[in-house]
Amino acid sequence: MGEVPGLVRQRQEVVTVAQRMIADGLVVGTSGNVSLRSGDLVAVTPSGVDYARMTWSDVPLVDLSGHVVAGELAPTSELPVHLAAYRDHGAAAVVHTHSLHATALSLLRDDVPAVHYQLAEFGGPVRVAEYATFGSPELAAAMSAALRGRTGCVLRNHGTVTLGPTLAKAYDRARQLEWLCQLWLTAVRVGEPRLLDDEELARCAAKFADYGQQPER
C-alpha cells in the first residue's frame, strides 16, 4: 500500500512512545500498544513486532472502521479497544499498557483508591473494567463502560488504558496511573491507607483545570 502524506510524524511518535513503554517498564516484550488519531485515520502499533527495532514505516494506518489504508503490517490485536476509545470518548490518543502494579491491583479491587490527589487527573475514581478476552469486542465494550467520564481505566487481569488530547498526555496518564496503583499496593502492605474524600478530589480537579502553562484535557 502507498504512504499517506503528512502522517510520518504521527507514526514516528507512536514508535517513540512504544519504545518508552519498554524503557519505563510498562510493558514486557511486544505487549501493550499505542495509537494516535489524525482526522479520520489512526496510526497504531503493529501486532507482535519488537518495539526496539520498530520504525515509522512499520506502523499501519487504519480508518475508523479498522481497515488498513497504509502499511504492510497488521495492526495490534487490541485495535477494537483503540477504536472504541475514539468512537465513544472522543480521544485523540490512546495508550494501553500491561503495567505490573495496575494489573496486580485489578486482581484485588474494582477501582483505584483515592490515595493521592493525582487521581483527580482522571476525572474521579478510576474504575476496573470487568475481564474479557484480549482483542475481543467484549473487552472493548467493558473498557468503554469503565471509561465513562474518565481519562483512564484498569483492565482486570490485563493492564491499563489511558486517553489524551496528545500522545504525550495519554502516556503521562499511563505512568501516573501505574504510580497510583503502586502507591496503594505499597501502603496496604503495612496498614489501612487513609483515602481522600470526593470533595477533596473535586477541589483538586478544579485546580488541575488551570494547572500548567497550556492546560490539556
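In case you missed it, the structure is sitting above this.
Computed from a predicted structure; not experimentally measured. (Residues numbered from 1 in each chain as written. Predicted model: local features only at pLDDT ≥ 70, side-chain atom pairs only at ≥ 80, totals over all residues. Heavy atoms only, no water.)

Novice: How should the pattern of salt bridges be read in this particular structure?
Specialist: Any two side chains of opposite charge can pair, given that their charged atoms come close. On inspection of all chains with the given rule, the structure shows twelve salt bridges. The residue Glu121 makes a salt bridge to Lys169 at a minimum N-O spacing of 3.1 Å. Of this pair, Glu121 sits in the loop between strand S6 (111–112) and strand S7 (126–129) while Lys169 sits in helix H5 (residues 167–188), and the two are 48 residues apart along the sequence. Classification of Glu121 by relative accessible area gives buried; the value is 12%. A network of salt bridges, in which partner residues are shared, links Arg20, Asp24 and Arg175. (Salt bridge = Lys/Arg side-chain N within 4 Å of Asp/Glu carboxyl O. Helix = DSSP H or I, 4+ residues; strand = E, 2+ residues; numbered from the N terminus. Buried < 20%, exposed > 50% of the residue type's maximum accessible area, 1.4 Å probe, protein only.)

Novice: Please explain the sheet that holds S7 as it appears in this structure.
Specialist: Whenever strands of a sheet pair, they do so through backbone hydrogen bonds, lying parallel or antiparallel. If you walk across this open sheet you meet the nine strands as S4-S3-S2-S1-S5-S9-S8-S7-S6, and the pairing is mixed. Here the strands that pair on one side only, and so sit at the sheet edges, are strand S4 (68–70) and S6. (Pairing = 2+ DSSP bridges.)

Novice: What is the right way to look at unusual backbone geometry in this model?
Specialist: Phi is mostly negative for residues that are not glycine, and the peptide bonds are mostly trans. With a phi close to 55°, Asn157 is a non-glycine residue in the positive phi region. Position of Asn157 among the secondary structure elements: in the loop between strand S8 (152–155) and strand S9 (159–164). Given the relative accessible area of 46%, Asn157 is considered partly exposed.

Novice: Teacher, can you tell me more about the environment of Ala52 here?
Specialist: Residue position: Ala52 is located in the loop between strand S2 (41–44) and strand S3 (61–63). Once the C-alpha coordinates of Ala52 and Thr16 are considered, the two residues, 36 residues apart in sequence, prove to be 9.6 Å apart.

Novice: Whenever I open this one, H5 confuses me. Can you help?
Specialist: It helps to recall that an α-helix has 3.6 residues per turn; residues three or four apart then point in one direction. Here H5 is 22 residues long and its end C-alpha atoms lie 32 Å apart, about the 32 Å a rise of 1.5 Å per residue gives. Taken as a whole, H5 has its buried residues at Leu167, Lys169, Ala170, Tyr171, Arg173, Ala174, Leu177, Glu178, Leu180, Cys181, Trp184 and Leu185. (Expected span 1.5 Å × (residues − 1).)

Novice: What is the right way to read the pairing of S8 from this model?
Specialist: Looking along a regular strand, one sees side chains alternate from face to face of the sheet. Residue alternation in S8 divides its side chains into two sets, Gly152 and Val154 and Cys153 and Leu155, and both sets are buried. Pairing of S7 with S8, which is carried by two bridges, proceeds in the parallel orientation. Among the inter-strand pairings, Val128 is bridged to a residue of S8, identified as Val154. Read from S7 through helix H4 (residues 137–146) to S8, the crossover connection turns out right-handed. Both S8 and S9 contribute to a ladder of four bridges, which runs antiparallel. Residue Cys153 lies in a different strand from S9, and its bridge partner there is Val161. (Right-handed = clockwise from strand over helix to strand, strands pointing away.)

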